[in-house]
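What follows is the residue order along each chain.
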Amino acid sequence: MGESATCDDDCTLAECGDGVLNETSGEECDDGNTLAGDGCGATCLLPPAALFNGTYFYQALAGNFPVPAGYSWWGDLMADGVSEITGGTLSWNNGAGGVLSDSAPEIAYTVDAARRMTWPGGGAFNAQGGIASDGSVATMSSIGDTGWPGLAILVRQGGTFDLSSLEDTYHLNGFCIDDSSDVALWGTVTFDGLGGATEELSGNANGVVVGPTPSTAQTYTVTADGTVTLTVRNLNTPNQGGILMGGDLVVLSGPTDGEAPCLLVLIRHSDSASASVLSGNYHIGAFLAEANAPPPPPPPNFSSFTGTGSSDGVSTVSTNTGGRINIDGVVGPFPATMTNDSYTVAADGTLSVTIAGTTLVGAVSPGGDYAALAGGTTLGSFPQFWFFVR
């Protein structure tokens, strides 16, 4: 009658190493032996690195200094589930009107038991962060061990999509960089399921809070593999990225026409969310611009960090940013300081968190597995963007 906790579906006793995968008994793999280090652990559990497998949409933003200027990347990376990103194709916006493309390099990676992931490669791909418990979404920051601060978000590809896959309202959070301002964005985008969208956005531009803007018509496309293009920021500038299976999360970067580089996250509206949706432990990646009023001050101008946080599901999210921080290319440990910050969640999933004297606004996904925040919403606060993965 099928497998049980003690019996395989061929009516033999369930035993690690018998070569029969029995998930009911708690096995994640069974390759017929009990050796570690071969992709299936001696106890028939997958190693943490196995979470990072398949093809991922890759979206990233980095801030140069002391210009200030930025780069953005978009494309795909293929992970082998063992120890290496084996390739892919990436395009990037060089912040000066140029758009280039090339094959992605091979990049080593590690994942520990706490699902902290490290890419110990060089240059733009030296990054640290964390991956979701099902391996579907990852956040990486401190890009470039001696290079630019940055933030990357990866979404696993899977499923079949079309224009109707985005027929709904989404929260939008993001960050854009040009030669005169650093802008954190928050607001909404509503997709009609036919290729049209309307956006209504607010922002923090060098510490000056603007918006919300009047509702603006835009266009979007969706290909069968989940590749999405969308024009935003009241400009006809297309950003490209991908959609997560199920359609609750879209991540975009670009623009693909060489305009000001951006990284954007869209999270589907909820129907009846509450504070309990944001609960549990999260990996956090963040990107900030230390600019209070135009023109931007001298360096330090950009910083990014990785850390962890936990939410009580009631009113408090505790962030322990004891990870790594990159301040204008100088990378080091972020002091393990614990802060307890108040938060609220509205019925539509709108998330507000008060941190360091300002409020960040964004959204938590309907299932609570990821969240995004941008701000601050008070005059003089730093433009910033945070991404959470449970």
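Here, every reference points to the structure presented above.
Residues numbered from 1 in each chain as written. Predicted model: local features only at pLDDT ≥ 70, side-chain atom pairs only at ≥ 80, totals over all residues. Heavy atoms only, no water.

Q: I keep staring at the overall build of the protein chain and nothing clicks. Help me out?
A: Counting secondary structure elements, the protein chain contains zero helices and 28 strands. A compact globule built from 390 residues should have a C-alpha radius of gyration of about 21 Å, and the protein chain, at 21 Å, falls within 12% of that. Oriented by its inertia axes, the alpha-carbon framework of the protein chain measures out at about 70 × 45 × 45 Å. Taking all 390 residues of the protein chain together, the buried fraction comes to 51%. The long-range fraction of contacts in the protein chain, counting pairs at least 24 apart against all pairs at least 6 apart in sequence, stands at 48%. Carbon and sulfur atoms make up 55% of the accessible area of the protein chain, which totals about 15,000 Å². (Helix = DSSP H or I, 4+ residues; strand = E, 2+ residues; numbered from the N terminus. Rg over C-alpha atoms; globule rule 2.2 N^0.38 Å. Buried < 20%, exposed > 50% of the residue type's maximum accessible area, 1.4 Å probe, protein only. Contact = heavy atoms within 4.5 Å. Areas by Shrake-Rupley, 256 points an atom, 1.4 Å probe, with all protein chains shown as cover.)

Q: Mind showing me how you'd approach unusual backbone geometry here?
A: Most peptide bonds take the trans configuration, and most residues that are not glycine carry a negative phi. Along the chain, Gly-211 connects to Pro-212 via a cis peptide bond; the corresponding omega equals 5°. Considering the arrangement of structural elements, one finds Pro-212 in the loop between β14 (208-210) and β15 (216-222). In this model, Gly-375 is joined to Gly-376 through a cis peptide bond whose omega is -5°. Counting through the fold element by element, Gly-376 comes out in the loop between β27 (370-375) and β28 (384-389). Of note, the phi angle at Cys-44 is positive, near 65°, even though the residue is not glycine. Tracing the backbone shows Cys-44 in the segment before β1 (53-63). One non-glycine residue, Ala-356, lies in the positive phi region at around 50°. Structurally, Ala-356 can be placed in the loop between β25 (350-355) and β26 (358-364). Take Ala-356: its relative accessible area is 79%, and that puts it in the exposed class.

Q: Hey, could you run me through the packing of aromatic side chains in this one?
A: When we look at a pair of aromatic rings, we describe it by the centre distance and by the angle of the planes. Across all of its chains, the model carries 14 aromatic pairs by this definition. Note on Phe-52 and Tyr-56: the rings are 4.7 Å apart at their centroids and 40° apart in plane angle, and the pair reads as tilted. No difference in accessibility class separates Phe-52 from Tyr-56, as the two residues are buried. Pairing Tyr-71 with Trp-148 gives two aromatic rings, centres 4.7 Å apart and planes at 55°, and the pair type is tilted. (Phe/Tyr/Trp six-rings, centres within 6.5 Å; stacked < 30°, edge-to-face > 60°.)

Q: Is there a simple way to explain the state of the cysteines in this structure?
A: The bond known as a disulfide is covalent and runs between the sulfur atoms of two cysteines. All told, the structure shown has two disulfides when counted by the stated rule. Disulfide pairing places Cys-176 opposite Cys-262 at an S-S distance of 2.0 Å. Where Cys-176 bonds to Cys-262 through sulfur, the torsion about that S-S bond is close to 115°, and the disulfide is right-handed. Here Cys-176, found in strand β11 (residues 169-177), pairs with Cys-262, found in strand β19 (residues 262-268); they are 86 residues apart in sequence, far enough to count as distant. Here Cys-176 and Cys-262 have matching classes, each one buried. In this structure Cys-7 is a free cysteine whose sulfur lies 4.9 Å from that of Cys-11, the closest cysteine sulfur available. Take Cys-7: its relative accessible area is 22%, and that puts it in the partly exposed class. (Disulfide = S-S within 2.5 Å.)

Q: Can you help me understand the pairing of β19 in this one?
A: A regular strand carries its side chains on alternate faces of the sheet. The element β19 is extensively covered by neighbouring structure, given that seven of its seven residues are classed as buried. Where strand β18 (residues 249-254) lies against β19, six bridges are found, and the strand directions are antiparallel. Note on β19: the bridge partner recorded for Ser-253 is Leu-263. (Pairing = 2+ DSSP bridges.)

Q: Looking at this model, I keep getting lost on the environment of Ile-143. Mind explaining?
A: Residue placement: Ile-143 occurs in the loop between β9 (137-141) and β10 (150-156). Spatially, the C-alpha atom of Ile-143 lies 21 Å from that of Asn-53, the residues being 90 residues apart in sequence.

Q: Quick question: what am I supposed to make of the pattern of salt bridges here?
A: Note that side chains of opposite charge can pair when their charged atoms are close. Under the criterion given, the structure shown has four salt bridges. A salt bridge links Asp-248 to Arg-268; its shortest N-O distance comes to 2.8 Å. In this pair, Asp-248 is assigned in the loop between β17 (237-243) and β18 and Arg-268 in strand β19, connecting sequence segments 20 residues apart. Residue Arg-390 pairs with Asp-369 through a salt bridge whose shortest N-O separation is 2.9 Å. Of this pair, Arg-390 sits in the segment after β28 while Asp-369 sits in the loop between β26 and β27, placing them 21 residues apart in sequence. Take Asp-369: its relative accessible area is 37%, and that puts it in the partly exposed class. One connected set of salt bridges, linked through shared partners, spans Asp-168, Asp-248 and Arg-268. (Salt bridge = Lys/Arg side-chain N within 4 Å of Asp/Glu carboxyl O.)

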